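# Observations on the three-dimensional arrangement
Chain residues, written in single-letter form:
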Amino acid sequence: MNEEPADRVSRRRYQREQMARQEAEALLEKKSRELFLANEKLSAHSTQLEQRVSERTAELQTALERAEAASTARSRFVATMSHEIRTPLGGMLGMIDLLSMDETDPAKKELLNYAKTAGVGLSRIVNDVLDFSKMEAGVFVFEEESVDIRALVESVRILAGSNDKGANRQIIAKIDASVPKLFLGDATRIRQLISNLISNALRYSTEGPIIIRAQATPHPKDALLRVEVEDFGVGIPEDKLSDLFKDFSQVSNALTAAAQGTGLGLAICKRIIEGVGGKIGVQSIPGVGSTFWIELPVEVVALPASNQNKTGSLEDSDSLESLVGKRVLIAEDNIINQKLLLTYANRMQLNAELAENGRIALEMFSPDKHDLVLMDVAMPEMDGLEATRRIRQKWSDRELPPILALTAHVMDAIEEEATLVGIDTVLSKPIPFDELKLALETALSRRPRKVENAAAPTETPSEDTPASGDEAPLLKLMSPGAVDELLQMFTVEDLSDLVRKFVLDSSLRIDRITAAIDEGDEDAMSKEAHSLKGSSLVLGFTEISEWARQIEDGKPSPDSGSLGETANRIRSKLQDMHALL
């Protein structure tokens, strides 16, 4: 056998190795390319995914900002509506109160009572709708503070007994010794709950006492507070009980129409009690009566005092300090509210001083000159909160008298800030005469003054004082209907004085309107014109009111010319009126 030469064998082996290497390199290149393309594709997908995540995050952020803006707008709208509705309503109810105090004609007094009943009913509906709106908008705030349920129930009892429906009814409070003296909770909301239940009991029963009971039992949190309000009224059928706490739901009976409700009161109570971790329910027998109850877990701050009697009864309103001769500083910018509060103060035999805004109140105030301060919250130049803050910076707490705030804004939006600046009590407009009087007496009793004032009360002006001859022509410029209506509430002299204040106040206001027009400040222009429109309309100066409305809307009529010319028309009219002063 012939053997192949060694060099030929080596060449073939070399060629095979070369081919294998080339195939391996080709395979490696192919796999590397596939890997490169896969990596490129993965990178593209990663970039696209990151972009989509970034876009989605931006969309969610935009949606969140829009939702927050909408929530803020809703909150602002509710607060604004609360102020705009409650302010004129408060003035109306206050004037009805003043008229009722002086009226001796039974027929007229009956008409005034009807008007007050309708006004109170409207006020209750407004409050219910605003509370419901706040809950729907998520701006209903709950606070935590020390609560004295005995004092709270007693104040609600006294207030309920002072209104028309409670005047001839017996309202009994029975507070068990097991109830803690102080516990942590939201006093405002608990007061609202109990007031609502008592109000319902008075509206849906015509005879028999209203009984308020409170007791406490052990609970993991500390104590479980149970408050009951029992009436002996028409009762509720068992098949209707489940509808009681639904929105806009009322159980039909003989007293439903007269009660003037919205069907929101108990629904709001349910949301409030559940918002603070409690429960609400009812036990009722038709024709016998109903017992509404709330249960609330509470954290105890102070145990019942050993000398507290079994029913926990408190001293009644007779123990409150008298207002007679006390000195009050009233800070209020609205002319109508000024007149109302000054008349209230006069009826309470208070010596009142008036400040037209917070800045003036700060300048006028002195602890030695005033026993009480009644501060409106929303005022020009300096609001009531800022004025209070500066007062407390200047004097120590022991030197200062009680400072009470009046507001037509949503209470939730004001109370926290009011507490921070040092306001003792926040009162919501509209506030009836009796409620304001009780609040002032209570505030005075809780913080005795270091220096007692023995000044005699301001003398009530004579109702028969004639107007001076120079003031009568000014009244002739008012619409006859407005004059007739206002003269039912004021003497000619008082009305002339009110008109004189209107002219002076409006002259300053029109200067601010003109400045705002020149500076292009539409917000300031609109606010000032809105205030001028309202006060001039109340006093029957319809022409000025219409011009002010045009400025407020930023749309002067063709015959009025520009906004500046419309403002000059008002200025000219005011100058003519001023010449008659």
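See the structure printed just above.
Residues numbered from 1 in each chain as written. Predicted model: local features only at pLDDT ≥ 70, side-chain atom pairs only at ≥ 80, totals over all residues. Heavy atoms only, no water.

### What about the nonpolar core?
By size, the foremost hydrophobic cluster in this structure holds 50 residues, and its most contacted members are Leu436 and Phe502. No other element matches helix α14 (residues 492-519), which puts eight residues into this core. Apart from the residues within four sequence positions on either side, Phe502 is in contact with Ile335, Leu532, Ser535, Ser536, Leu539, Phe541, Leu574 and Met577. In this structure, Leu152, Ala223, Leu244 and Ile280 belong to the second largest nonpolar core, which totals 41 residues. (Core = buried A, V, L, I, M, F, W, Y, C linked by side-chain atoms within 4.5 Å. Buried < 20%, exposed > 50% of the residue type's maximum accessible area, 1.4 Å probe, protein only. Helix = DSSP H or I, 4+ residues; strand = E, 2+ residues; numbered from the N terminus. Contact = heavy atoms within 4.5 Å.)

### Side note on the pattern of salt bridges
A full pass over the atoms with the stated rule returns 25 salt bridges. With a shortest N-O distance of 3.7 Å, Arg213 and Glu228 are connected by a salt bridge. Note that Arg213 is positioned in strand β4 (residues 210-219) and Glu228 in strand β5 (residues 222-231), a separation of 15 residues in sequence. The closest approach of N and O atoms between Glu546 and Arg549, which form a salt bridge, is 2.6 Å. Taken together, the residues Glu546 and Arg549, both in helix α16 (residues 542-553) and three residues apart, mark about one turn of the helix. Given the relative accessible area of 32%, Glu546 is considered partly exposed. Taken together, the shared-partner salt bridges connect Arg213, Arg226, Glu228, Glu230 and Glu295 into one network. (Salt bridge = Lys/Arg side-chain N within 4 Å of Asp/Glu carboxyl O.)

### Considerations on unusual backbone geometry
Residue Gln349 is not a glycine yet carries a positive backbone phi of 60°. Relative to the elements of secondary structure, Gln349 occurs in the loop between α7 (335-347) and β9 (351-355). Here Gln349 falls in the partly exposed class, since its relative accessible area comes to 37%. Residue Glu381 is not a glycine yet carries a positive backbone phi of 70°. Structurally, Glu381 can be placed in the loop between β10 (372-376) and α9 (384-394).

### A look at the pairing of strand β11 (residues 403-407)
Burial analysis of β11 places five of its five residues in the buried class, the great majority of the element. Burial of the side chains of β11 extends over both faces: Ile403, Ala405 and Thr407 are buried on one face and Leu404 and Leu406 on the other. Pairing of β10 with β11 involves four bridges; the strand directions are parallel. Bridging from a neighbouring strand, Val373 pairs with Ile403 of β11. The handedness of the β10 to β11 crossover, carried by α9, is right-handed. Here β11 runs beside strand β12 (residues 425-428); their pairing, made up of four bridges, is parallel. By the bridge assignment for β12, Ala405 is matched with Val426. (Pairing = 2+ DSSP bridges. Right-handed = clockwise from strand over helix to strand, strands pointing away.)

That is the geometry; function is a separate question.
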